[in-house]
Amino acid sequence: MSIQWFPGHMNAARKKAAEAMEKVDLVIEVLDGRLPQASCNPMIEQLRVFRQRPCLKILNKSDLADPAVTQAWLAYYNSQKNVHAVALSCKKPSDVAKIPGLCLTLAPHRGTPLKPLRMMIMGIPNVGKSTLMNALLKRRVAAVGDEPAVTKVQQRLYLGNNMVLIDTPGMLWPKIAHPSDGLMLAASHAIGTNALIEEEVATFLADELLVRYAPLLAARYGIKTEGIDGVSVIEGVAVRRGFRLKGGDLDLEKAAHTLLQDYRTGALGRISLETPQTRAALLARHQEEIARRQAEAEAEAESDGQDDTR
């Protein structure tokens, strides 16, 4: 299953972000701490690098992520040029209070009445940008909702006399290259429900959890996880929770939704869906597949050329 979701307003938002990027001092990119790189929009990275803007990467929802994995991601990002990464929860005022100071360290030449620090908040849908905006300004200035793509227009707001915030709509990118990224994003509710089938997303999530977090599944649902697959997990959830359709068949749709909600809310426990190591392995497999296809294409072209000369 390959998930793609790029509503029309996102293309308009990308164009406006590219225009605004020229007039900002740094980018605050909000990531989902449970899948930092899968939730990192390559278009944002391209715009930022092209304009040579420093970046504060916020691994949001870190209270829901595996703490050991989060530390590995922080080390990964903090080794990059012009990047500082921090893990926090935008719902915690004490965490949010650290952000202005971190931004000033990335742009020390700004932050005065004559030269206010201009910051652009960016990220994918439903990752916590609006919650961050409201917490920074200590008032409700951005709509917050449980559905992705609540914010659809760019906003310019002032944080005191010395800081300017530009909030941008959540943006995905036109083509998600790795199917597993689309499934991770869907499981984490960054993709609209009209673009996915919950049972397929939940099956993917269950398979991932069986590999690294099987004890959490067993503790939450009271199911035996040895020798089973993702479909069996969903069936087990339906049995244990008594989810039945009229006629007695298991209500797998309701069980799938329950699994996804338990992951999203943290009821399952602190879970990370990718690590720097699994990401590197994914990219290596992708490059191998590209090389294989290229070799096959070249061999086919060579064979066709030989046929033409006969």
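Here, the structure is the one placed above.
Nothing here was measured: the structure is a model prediction, and the numbers come from that model.

(A) Representation of the overall build of the chain. Within the chain, the secondary structure is distributed over twelve helices and six strands. Taking all 310 residues of the chain together, 49% fall into the buried category. Considering only residue pairs separated by 6 or more positions, the chain has 69% of its internal contacts joining residues 24 or more positions apart. When the accessible surface of the chain is totalled, it reaches about 15200 Å², and 53% of it is carbon and sulfur.

(B) Looking closely at the layout of surface pockets. Of the voids in this model, the second largest pocket is the one considered here, and its volume is about 310 Å³. Taken together, 18 residues form the lining of the second largest pocket, with Gln37, Cys40, Pro42, Arg279 and Leu283 sitting closest to its centre. Residue assignment for the lining of the second largest pocket shows that the elements contributing at least two residues are helix 2 (42-51), helix 3 (67-78) and helix 12 (276-309). Counted by class, the lining of the second largest pocket contains eleven nonpolar, three polar and four charged residues.

(C) Fine view of empty space enclosed by the protein. Using the criterion set out here, one finds one cavity of 30 Å³ or more in the structure. Space inside the largest cavity adds up to approximately 30 Å³. Lining the largest cavity are Asp32, Leu35, Ser39, Ile124, Pro125, Asn126, Val127, Leu185, Ser188 and Ala190. Here the lining of the largest cavity is built from residues that sort into six nonpolar, three polar and one charged.

(D) Representation of the pairing of strand 5 (residues 155-159) within the structure. One ladder, built from five bridges, connects strand 5 with strand 6 (residues 163-167); its direction is antiparallel. Residue leucine 157 lies in a different strand from strand 6, and its bridge partner there is leucine 165. Taking the residues between adjacent antiparallel strands as the criterion, strand 5 and strand 6 are bridged by three residues, where glycine 160 takes a positive phi near 70°.

Thresholds applied
Residues numbered from 1 in each chain as written. Predicted model: local features only at pLDDT ≥ 70, side-chain atom pairs only at ≥ 80, totals over all residues. Heavy atoms only, no water. Helix = DSSP H or I, 4+ residues; strand = E, 2+ residues; numbered from the N terminus. Buried < 20%, exposed > 50% of the residue type's maximum accessible area, 1.4 Å probe, protein only. Contact = heavy atoms within 4.5 Å. Areas by Shrake-Rupley, 256 points an atom, 1.4 Å probe, with all protein chains shown as cover. 1 Å grid on protein atoms, 1.4 Å probe; cavity = no way out; pocket = protein on both sides within 12 Å on 5 of 7 lines; lining within 4 Å. Points joined across faces, edges and corners; volume = space filled by probe spheres on them. Nonpolar A, V, L, I, M, F, W, Y, C, P; charged D, E, K, R; others polar. Pairing = 2+ DSSP bridges.

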